[in-house]
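Single-letter residue listing:
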Amino acid sequence: MKVINDQAVQQVEEKALAMKRHIVTMLCEAGSGHTGGSLSASDIVACLYFWEMNIDPEHPNWEDRDRFVLSKGHAAPVLYAALAERGYFSVDKLMSLRKLGSPLQGHPDKRKLPGVEASTGSLGQGISWAVGMALAGKMDKKDYRVYAMVGDGELEEGMVWEASMAAAHYKLDNLLVFVDHNGLQIDGRITEVMSPEPITDKFRAFGWEVMTVDGHDSRAIMKVLNSARDVKGKPVAIVAETIKGKGCSFMENRVEWHGTAPNREEKEKALAELV
Amino acid sequence: MEKQATREAYGKALLELGREYQDIVVLDADLSKSTKTAEFAGIFPDRFINAGIAEQNLMGMSAGLAAAGKVVFASTFAVFAAGRAFEQIRNSIAYAELNVKVCATHAGITVGEDGGSHQSVEDVALMRSIPGMCVVVPADGASTRQVLRKLYKRSGPAYLRLGRLAVPNIYDDDLQLEIGRGIELKEGKDATIIGCGIMVEKALQASLILAGEGIMVSVVDMHTIKPLDQELVIRKAKETGAILTVEEHSIIGGLGSAVCEVVSEYCPVPVLRLGIEDQFGQSGSPDELLQHYGLSVDKIAQKVRNLLKIL
Ligand SMILES: Cc1ncc(C[n+]2csc(CCOP(=O)(O)OP(=O)(O)O)c2C)c(N)n1
Ligand SMILES: [Mg+2]
């Protein structure tokens, strides 16, 4: 049980804010990319990289490290922002996002950037990758933990449920999956396009321990992570209630901001709010 | 020259066909704004099905709809259609010879900034290998519209490869296109450039540069990769004695391979293939990537010069 005090919470919140500012800035510079889903994931990813995970930026391939797989790979900017803030590479590099030759590919490319644990972007595949890593951890009798994040639209991929079945079957209590439950995909609300609801019941029926949390309340996320570590014999799914475009009022809950980058004016407006 | 992405033309053509024929059903997988099926969805909501982010189910449902008499146009990005749902296309659609037209957009590296995970450079190879599958890669908007009409009339499975990037129109609306018949755009005796998709227009430009140097090339738009217009390939091989293939696809398994298969068996002449070497794409603007991977007018001209040197 890790101690949750005001100082720890404040540090995570500061990092989350810095990450959101990076996300908006780098996407504006890139001129394309996925803003809404990067922002909805920021507070959770900040908790993982600045509180929860046992990692060492100096040794990105350290065998015993915890691993994070961003299965909703289109939210790459949130991962890059976390890695830069955590010291895997310099913050200036964020401005090369999506440019020819950059290690910061439109979707995470493990070959190109230390700290990226899985090459994702094709939805549904990252969670299987995380299951594989968790299986390897068990085989090697390591106590590292594997974290993953899937989108709520991503849950429509059958592969997510194949992976879920396997994770419970192999009793992977070293695996924790966040669902970024922002309610939106590309063509509209998830409940209107192809509803994956009820999400918590589905994971429970698949044999998972299921928890819910406000995905923008750092202290609550830290608490739920604490209790997740105590679960034995099964994987944990944390369904996090989030807001797509979180932190920028004109983006919040707007489906148009799924795959749109802010222009200069919108960036300034966003940065003025992200303080 | 006016520009239009083939996916745009596809979206428009679907509307025309949808008005004319009641048995057309369109499916998508949460990408209707990008694949341009959204307008059809708005006008014919009863004949549009969004599968959500579930490409395998998209193809499986398409098979069922076709088996029940519908003519199905199923769309998503090329990586997720030909790649993710390959086996559903093979076993549920093609094996049963069903009337499903897989219309895949965002093919090739001109997807741009999304990067290698989203740039299918192998979809033609995959689709071409399926028995009975018709594979079409139109060069511009006008030919896309024609192709769609012909595919509607032609029973059986088909794969239509469409692009994200706006490209110059090379045809006008009175184009008469036949599936399986290449279009001879230019006559020249020294070599033949056989292209498909967005590379056809670049081949035409290259032919002008070469003409300035006294090299006269034939240019063929081989929009149908399968069934391939073998007769035309053989005739051009005989007439010009050398062939360059150009495509926005891996040099393994696509148009270049298809042409080589015919040429080597029936009338061996030197063939060079210009395409993406055996590698994945990456992020960048479409134009930068075309340059980077050598899919440029200059590179085509250079390859023709190299080809003539081997003769
Ligand atoms: C297999 C696959 N199909 C389609 C896509 C295109 N795509 C990218 S993001 C997205 C919507 C994702 O929605 P969700 O999982 O809810 O993500 P979020 O709302 O967190 O951005 C789609 C369909 C993809 N990347 N992979
Ligand atoms: Mg979502």
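The structure presented is a predicted model; accordingly, all values stated were derived computationally and were not measured.

Caption draft 1: Representation of the overall build of chain A. Within chain A, the regular secondary structure consists of nine helices and five strands. Listed N to C, the secondary structure of chain A is α-α-β-α-α-β-α-β-α-α-β-α-β-α in terms of helices and strands. The globule rule puts the C-alpha radius of gyration for 275 residues at 19 Å, and the 17 Å found for chain A is close to it. Along the first, second and third principal axes, the C-alpha atoms of chain A reach 50 × 45 × 40 Å. By residue count, 60% of the 275 residues in chain A fall in the buried class. When contacts within chain A are restricted to residue pairs at least 6 apart in sequence, those whose partners lie at least 24 apart make up 76%.

Caption draft 2: Expanded view of helix H8 (residues 141-153) of chain B. All names here are of chain B. Across its 13 residues, H8 extends 19 Å between first and last C-alpha, which sits within 8% of the 18 Å expected from 1.5 Å per residue. Taken as a whole, H8 has its buried residues at Gly141, Ala142, Ser143, Thr144, Gln146, Val147, Leu148, Leu151 and Tyr152. N-cap assignment for H8: the residue whose side-chain oxygen lies 3.4 Å from the backbone N of Ala142 is Asp140.

Caption draft 3: Structural view of the nonpolar core. Judged by nonpolar contacts, the single largest core of 63 residues is most densely connected at Tyr49, Phe68, Tyr80, Phe178 and Leu225 of chain A. Leave out the neighbours within four places in its chain, and Tyr80 of chain A touches Met26, Phe89, Leu94, Leu97, Leu104, Gln105, His107, Pro108, Asp109, Leu113 and Val116 of chain A. Counting 46 residues, the second largest nonpolar core, distinct from the first, contains Ala63, Ile93, Ile194 and Val233 of chain B.

Caption draft 4: Geometry of the confidence of the model for chain B. Summary statistics for chain B give a mean pLDDT of 98 and a share of 100% for residues scoring 70 or more. Here the predicted complex scores 0.98 on pTM and 0.97 on ipTM.

Caption draft 5: Just the coordination of the magnesium ion (ligand 2), in detail. Residue and element names in this part refer to chain A. Protein coordination at the magnesium ion (ligand 2): the donors are Asp152 (OD), Asn182 (OD1) and Leu184 (O), at 2.1 to 2.2 Å from the metal. The sequence pattern formed by the donor residues of the magnesium ion (ligand 2) is D-x29-N-x1-L. Remark: Leu184 occurs in the loop between strand S3 (175-181) and helix H6 (190-193) and Asp152 occurs in the loop between strand S2 (146-151) and helix H5 (158-169); sequence separation between them is 32 residues.

Caption draft 6: Focus on the site of ligand 1. Ligand 1 sits among 25 residues. The nearest are Lys72, His74, Asp152 and Lys244 of chain A together with Glu55 of chain B. In this structure, ligand 1 is bordered by residues of chains A and B. Between ligand 1 and the protein, one listed contact pairs a nitrogen atom with a backbone N or O atom of Gly121 of chain A at 2.7 Å. At 2.6 Å from a nitrogen atom of ligand 1 is found a side-chain nitrogen or oxygen belonging to Glu55 of chain B. If ligand 1 stood free it would expose 590 Å²; the protein chains cover 99% of that surface.

Caption draft 7: Structural detail: the interface of chain B and chain A. Every contact between the two is made by 25 residues of chain B and, on the other side, 28 residues of chain A. For the pairing of chain B and chain A, the buried interface totals around 2000 Å² over both sides, and the portion due to carbon and sulfur atoms is 44%. Our enumeration of links across chain B and chain A arrives at two salt bridges. One salt bridge connects Glu157 of chain A with Arg84 of chain B, and the closest N-O pair in it is separated by 3.2 Å.

Caption draft 8: Structural view of the sheet that holds strand S4 (residues 71-77) of chain B. Residue and element names in this part refer to chain B. The seven strands lie next to each other as S3-S2-S4-S5-S7-S6-S12, forming an open sheet whose pairing is mixed. A single partner strand is all that each edge strand has here, and the edge strands are strand S3 (48-50) and strand S12 (224-226). Across the sheet, the axes of successive neighbouring strands diverge by a mean angle of 20 degrees, strand direction being ignored. Pairing geometry for strand S6 (residues 134-136) and strand S7 (residues 158-161), over three bridges, is parallel. Opposite Val136, over in S7, you have Leu160 as the bridge partner.

Caption draft 9: How the structure looks around the pattern of salt bridges. Residue and element names in this part refer to chain B. Going through the model one piece at a time under the given rule, you end up with 36 salt bridges over all chains. With a closest N to O distance of 3.6 Å, Asp229 and Arg181 form a salt bridge. Of this pair, Asp229 sits in the loop between S12 and helix H10 (230-240) while Arg181 sits in the loop between strand S8 (167-168) and strand S9 (183-186), and the two are 48 residues apart along the sequence. Among the ionic pairs, Arg235 bridges to Glu184, the shortest N-O distance being 2.5 Å. Within this pair, whereas Arg235 is found in helix H10, its partner Glu184 is found in strand S9, the two being separated by 51 residues in sequence.

Caption draft 10: Region of interest: the domain arrangement of chain B. Residue and element names in this part refer to chain B. Here chain B is described as being made up of domain 1 (3-168) and domain 2 (183-309). On the domain 2 side, the residues contacting the 32 residues of domain 1 number 32 residues. Together, the buried faces of domain 1 and domain 2 total about 2400 Å²; carbon and sulfur atoms form 59% of this surface. Among the residues domain 1 hides against domain 2, the three largest losses belong to Ile109, Val121 and Arg128. Together they make up 30% of the total. The tally of links between domain 1 and domain 2 comes to one salt bridge. Residues Glu261 and Arg128 are paired through a salt bridge, measuring 2.8 Å at the closest nitrogen-oxygen approach. Of all the elements in the fold, those that place two or more residues in the side of domain 1 that touches domain 2 are helix H7 (123-128), S6 and S8. Of all the elements, H7 adds the most residues to the side of domain 1 that touches domain 2, at four residues.

Parameters at a glance
- Residues numbered from 1 in each chain as written.
- Chains lettered and ligands numbered in written order.
- Predicted model: local features only at pLDDT ≥ 70, side-chain atom pairs only at ≥ 80, totals over all residues.
- Heavy atoms only, no water.
- Helix = DSSP H or I, 4+ residues; strand = E, 2+ residues; numbered from the N terminus.
- Rg over C-alpha atoms; globule rule 2.2 N^0.38 Å.
- Buried < 20%, exposed > 50% of the residue type's maximum accessible area, 1.4 Å probe, protein only.
- Contact = heavy atoms within 4.5 Å.
- Expected span 1.5 Å × (residues − 1).
- Polar contact = N/O pair within 3.5 Å; in protein donor to acceptor, adjacent residues only side chain to side chain.
- Core = buried A, V, L, I, M, F, W, Y, C linked by side-chain atoms within 4.5 Å.
- pLDDT = per-residue confidence, 0-100.
- Donors = N, O, S within 2.8 Å, 3.2 Å for Na, K, Ca; no water.
- Near = heavy atom within 4 Å.
- Areas by Shrake-Rupley, 256 points an atom, 1.4 Å probe, with all protein chains shown as cover.
- Buried area = accessible area lost by both parts, 1.4 Å probe.
- Salt bridge = Lys/Arg side-chain N within 4 Å of Asp/Glu carboxyl O.
- Pairing = 2+ DSSP bridges.
- Axes fitted to C-alpha atoms, helices over the stretch in contact; angles between N-to-C directions.
- Domains from an automatic or database assignment.

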